[in-house]
Amino acid sequence: MKRANGKSALVELVDGAIDYAGAFPPAELPVERAFRNYLGYRRSPGAQLLGRFVCTLPQLSTITELLKKNEEKKVYLTLIAPTLEAPAVMSRNAPLRVTALETKVEPASFPSLEQHIRSFADRKIDVLVEPLCGAAPTLETLTPMLESMSRIGADLTRGSRIGLKLRLGVPSDLHVPKLSDLAAILLACAVRGIPLKL
């Protein structure tokens, strides 16, 4: 079924759905090679699936230099940041633009950061927060964070989101939630309208 914009519903659903993290495990490519791959994938038949390039703050200077040698007009980034401090590259200046920030926060301290997090959303930057827990996250430990995310999400203008990031590795990993806890967290996010990245 075609929409008014000429795209099928399926294409619209998957448009930009996959961020490319080639410099991270399991591929762990050098950032130069990962970025070249990303630019190549943007010219491939499945390019509509491709979202942002995922990088860390130290990798930004390398990416900036590589971009100068290419004909790409604009590249959108997901920045993996150790804190919620905003680097200068988060401005709207082309050709590099950070449109998503992933960071880790202790669930109990998240509500005190609410205003700071809202400032990112005001700049149309998606924020994905991974709970920084000493053990596997549970609904009980995440509730203050989820309630705060729900308040922020309700106030956001169109074009920015706040979401939860959970790691799902091998069950023996101490930071991977138990299946019952995961089900409870997924349900709580669905009820509150909180996007998830797994």
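Above: the structure in question.
Residues numbered from 1 in each chain as written. Predicted model: local features only at pLDDT ≥ 70, side-chain atom pairs only at ≥ 80, totals over all residues. Heavy atoms only, no water.

Trainee: Describe the packing of helix 2 (residues 31-41) against helix 3 (residues 60-68), with residues and values.
Mentor: The packing of two helices is summarised by the inter-axis angle and the distance between the axes. Two numbers describe how helix 2 lies on helix 3: the axes approach to 10 Å, and their chain directions differ by 45 degrees. Classified by the angle their axes make, helix 2 and helix 3 are oblique. Our pair here, helix 2 against helix 3, has a crossing hand that is right-handed. For the pair helix 2 and helix 3, the contacting residues are Val-31, Glu-32, Phe-35 and Arg-36 in the first and Thr-62, Ile-63, Leu-66 and Leu-67 in the second. (Axes fitted to C-alpha atoms, helices over the stretch in contact; angles between N-to-C directions. Helix = DSSP H or I, 4+ residues; strand = E, 2+ residues; numbered from the N terminus. Parallel < 35°, antiparallel > 145°, perpendicular 65-115°, else oblique. Left-handed = near helix turned anticlockwise from the far one by under 90°. Contact = heavy atoms within 4.5 Å.)

Trainee: Give me the pattern of salt bridges: which residues, what numbers.
Mentor: Evaluation of the coordinates by the stated rule reveals eight salt bridges. Across the pair Asp-19 and Arg-52 runs a salt bridge, and its minimum N-O distance is 3.8 Å. In this pair, Asp-19 is assigned in strand 1 (residues 18-20) and Arg-52 in strand 2 (residues 50-56), connecting sequence segments 33 residues apart. (Salt bridge = Lys/Arg side-chain N within 4 Å of Asp/Glu carboxyl O.)

Trainee: Could you give an account of helix 6 (residues 179-192), naming the residues involved and the relevant values?
Mentor: Taking 1.5 Å per residue as the helical rise, helix 6 with its 14 residues ought to reach 20 Å, and the 20 Å between its terminal C-alpha atoms agrees with that figure. Every buried residue belonging to helix 6 is among Leu-182, Ile-185, Ala-188 and Cys-189, and all of these are buried. Axial view of helix 6: buried residues confined to an arc of 130 degrees, hence all on one face. Facing away from the buried side of helix 6, by more than 90 degrees, are the exposed residues Leu-179, Ser-180, Leu-187, Ala-190 and Val-191. Looking at the buried side of helix 6, the elements it contacts are helix 5 (139-155), strand 6 (162-165) and strand 7 (196-197). Following helix 6 by one or two positions, Gly-193 adopts a phi angle in the positive range, close to 70 degrees. (Expected span 1.5 Å × (residues − 1). Buried < 20%, exposed > 50% of the residue type's maximum accessible area, 1.4 Å probe, protein only. Arc of directions from axis to C-beta.)

Trainee: A description of the pairing of strand 3 (residues 75-80) should follow, citing residues and the corresponding values.
Mentor: Across four bridges, the pairing between strand 2 and strand 3 is parallel. Residue pairing for strand 3: Val-54 is matched across the bridge by Thr-78. Sheet analysis places strand 3 next to strand 4 (residues 96-105), joined by six bridges and oriented parallel. Bridged to Ile-80 within strand 4 is Glu-102. (Pairing = 2+ DSSP bridges.)

Trainee: Give a description of the nonpolar core that names residues and reports values.
Mentor: The nonpolar side chains of a soluble globular protein tend to be buried with one another. Counting residues in hydrophobic clusters, the biggest one holds 43 residues, and the most contacted among them are Phe-35, Phe-53, Phe-110, Met-149 and Leu-164. Those residues within four positions of Phe-53 in sequence are excluded, and the remaining contacts are Tyr-20, Val-31, Ala-34, Phe-35, Tyr-38, Ile-63, Tyr-76, Leu-77 and Thr-78. (Core = buried A, V, L, I, M, F, W, Y, C linked by side-chain atoms within 4.5 Å.)

This is a description of form; function is not addressed.
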